[in-house]
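Per-entry structural report
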Amino acid sequence: RVEKQILKHVLFGTSREEQAASLDEDDFVLGTIEQPAAVAEFDKPKRLLALDGIKHPENMSLLLTSAVALKFDGVVLSTSCVDPFSYKA
């Protein structure tokens with residue numbers, strides 16, 4: 001488990017460049033994480049988590065963490081969901 005203090009120095013998702021541009025000179029970045037490519041279909045999934053209209057990054061984080069812990073095969077997100085790669089998620 002990575003402490004929250006460290007995670008604020010990792011840039012996530014497609015807005016990495018925008019986030020990096022807004023950093024002060026005394027800010028630092030430990031790394032970046034690229035968003036995995038979306039898939040059109042899953043190969044024989046047993047359990048999928050479907051999410052629609054999730055607006056708060058904290059809720060998204062809780063749902064994704066639970067999906068991993070419960071060994072879901074994948075997550076399907078609607079376009080109305082918050083970015084799952086937001087640094088707050």
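What comes next concerns the included structure. (Residues numbered from 1 in each chain as written. Predicted model: local features only at pLDDT ≥ 70, side-chain atom pairs only at ≥ 80, totals over all residues. Heavy atoms only, no water.)

With that settled, the discussion passes to the overall build of the protein chain. Helices and strands together make up the secondary structure of the protein chain, namely three helices and four strands. Listed N to C, the secondary structure of the protein chain is α-β-α-β-β-α-β in terms of helices and strands. Out of the 89 residues in the protein chain, the part that is buried amounts to 18%. Within the protein chain, residue pairs in contact and separated by at least 24 positions form 55% of the contacts whose partners lie at least 6 positions apart. For the protein chain, the accessible surface area stands at approximately 7200 Å², while carbon and sulfur atoms represent 53% of it. (Helix = DSSP H or I, 4+ residues; strand = E, 2+ residues; numbered from the N terminus. Buried < 20%, exposed > 50% of the residue type's maximum accessible area, 1.4 Å probe, protein only. Contact = heavy atoms within 4.5 Å. Areas by Shrake-Rupley, 256 points an atom, 1.4 Å probe, with all protein chains shown as cover.)

Let us look at the pairing of strand E4 (residues 74-77). For strand E3 (residues 48-51) and E4, the ladder comprises four bridges, and the chain directions are parallel. From the neighbouring strand, Leu-51 faces E4, where its bridge partner is Leu-77. A crossover links E3 with its parallel partner E4, the connecting element being helix H3 (residues 57-69), and its sense is right-handed. (Pairing = 2+ DSSP bridges. Right-handed = clockwise from strand over helix to strand, strands pointing away.)

This next bit is on a nonpolar patch on the surface. Taken together, the side chains of Val-39, Phe-42, Leu-48 and Val-76 make up a nonpolar region of the molecular surface, amounting to roughly 310 Å² of accessible area. Inspection of the secondary structure puts Val-39 in the loop between strand E2 (31-33) and E3. By relative accessible area, Val-39 is classed as exposed at 54%. (Patch = residues over 30% accessible without salt bridge, like charges linked within 9 Å, V, L, I, M, F, W, Y side chains within 5 Å. Salt bridge = Lys/Arg side-chain N within 4 Å of Asp/Glu carboxyl O.)

Below, the discussion takes up the nonpolar core. Leu-49, Leu-51, Ile-54, Met-60, Ala-67, Cys-81 and Val-82 together form the largest nonpolar core, which totals seven residues. Of all elements in the fold, only E3 and H3 reach the threshold of two or more residues within this core. With residues up to four places along the chain from it excluded, the contact list for Cys-81 reads Leu-51, Asp-52, Gly-53, Ile-54 and Met-60. (Core = buried A, V, L, I, M, F, W, Y, C linked by side-chain atoms within 4.5 Å.)

Just geometry here; none of it tells us what the structure is for.
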